[in-house]
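Listed here are the chains, written in short residue letters.
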Amino acid sequence: MNRRGGPDARFGARLAVTSAATALAAVPFSLALVLVESQWAPLHRLDQGAAERLHRSVLGHPAWVRVLEFLTQVVWGPLTMRLLVAAVVVWLLWRRALRLAAWAACTATVGGLVGLLAKNAVERARPHLPDPVAHAPGFSFPSGHAMTATTSCAVLLLVLIPLVPRAWRPLPWVLAAASVFGVGCTRVALGVHWVSDVVGGWLLGLAVVTATSFAFEAWRSDIGRPRTTPAQGLEPEIVTADPEPPAGMTQR
């Protein structure tokens, strides 16, 4: 089979096209959400009310503020999440799961670029609350912490879930959901994001993961492998000694 026209070449082309399409779609999507937020009074009241309630709950409690800052910057911080994904990519390269490593790296990278692009396109100001307990630089929408947690947890789950015994598989999903939800709560409680910022980060993160996952599934179909469900992970064969066939090989 001609390598240039084989499944690996088509996988790379699909990965690039879907990533570019996701990046292009993110800006109008973000702008639409911000327009709705700025003009729709119920959403504005939700943002303002949630920010004020959570802010009051930590105001005057320095210990709680320190806990929230530790969770949002260290436990669930973007640097921590990216290091975990980088470690998984290195492990996948060591296992010779090159396409899965490319998917993981591409998903994390595109997620970061899309979030940055949307922030600078929308230029939404962060909340200005009385007696702020924390500060953050840059623009507000979408939440970079929420988006990074979403893409990173999805990458970790979809890559590593085949290694977890079936009886224990609900636990990683619960931990991932708690991390994604928890980081959103910390950002609002610290007064550095609106609720809609966090929701926007979650939605954009899911969009990126969905787009790149479809590209990976298309490559699996090209080489004759069955489609998988999120509960199975992207590549259940990662548990085997040779998780991926050599370049250009088609399985039948």
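Since the model is a prediction, treat every value here as computed from it, not as a measurement.

A few words now on the environment of Val 88. Along the chain, the position of Val 88 falls in helix α4 (residues 78–94). Under the relative-accessibility criterion, Val 88 is labelled buried at 8%. With 16 residues separating them in the primary sequence, Val 88 and Ala 104 have C-alpha atoms 8.2 Å apart. Leave out the neighbours within four places in its chain, and Val 88 touches Leu 156, Val 159 and Leu 160.

Quick look at the side chain of Glu 235 now. By secondary structure assignment, the location of Glu 235 is in the segment after α8 (195–222). Residue Glu 235 is classed as buried on the basis of its relative accessible area of 0%. Separated by 3.4 Å, the side chains of Glu 235 and Arg 225 make a polar contact. Residue contacts for Glu 235: discarding those within four places in its chain leaves Ala 97, Leu 100, Leu 158, Pro 162, Phe 216, Trp 219, Arg 220, Arg 225, Pro 243 and Glu 244.

Next up on the list: the nonpolar core. The biggest cluster of nonpolar side chains holds 20 residues, and the ones touching the most others in it are Leu 92, Leu 100, Trp 103, Val 155, Val 159, Phe 216 and Leu 234. Broken down by element, the residue count for this core peaks at five residues, all from helix α6 (residues 144–160). Once residues lying within four places of it in the same chain are set aside, the contact partners of Leu 100 are Leu 92, Val 159, Phe 216, Leu 234, Glu 235, Ile 238 and Glu 244. Membership of the second largest hydrophobic core comes to nine residues, among which are Met 81, Ala 149, Cys 153 and Ile 161.

Between helix α5 (residues 98–122) and α8, whose axes approach to 9 Å, the crossing angle comes to 150 degrees. The angle between the axes of α5 and α8 places the two elements in the roughly antiparallel class. When you trace α5 past α8, the crossing you get is right-handed. Within the contact between the two elements, α5 uses Arg 99, Leu 100, Trp 103, Thr 107, Val 110, Gly 111, Val 114 and Ala 118 and α8 uses Leu 204, Val 208, Val 209, Thr 212, Ser 213, Phe 216 and Trp 219.

The rules we used
Residues numbered from 1 in each chain as written. Predicted model: local features only at pLDDT ≥ 70, side-chain atom pairs only at ≥ 80, totals over all residues. Heavy atoms only, no water. Helix = DSSP H or I, 4+ residues; strand = E, 2+ residues; numbered from the N terminus. Buried < 20%, exposed > 50% of the residue type's maximum accessible area, 1.4 Å probe, protein only. Contact = heavy atoms within 4.5 Å. Polar contact = N/O pair within 3.5 Å; in protein donor to acceptor, adjacent residues only side chain to side chain. Core = buried A, V, L, I, M, F, W, Y, C linked by side-chain atoms within 4.5 Å. Axes fitted to C-alpha atoms, helices over the stretch in contact; angles between N-to-C directions. Parallel < 35°, antiparallel > 145°, perpendicular 65-115°, else oblique. Left-handed = near helix turned anticlockwise from the far one by under 90°.

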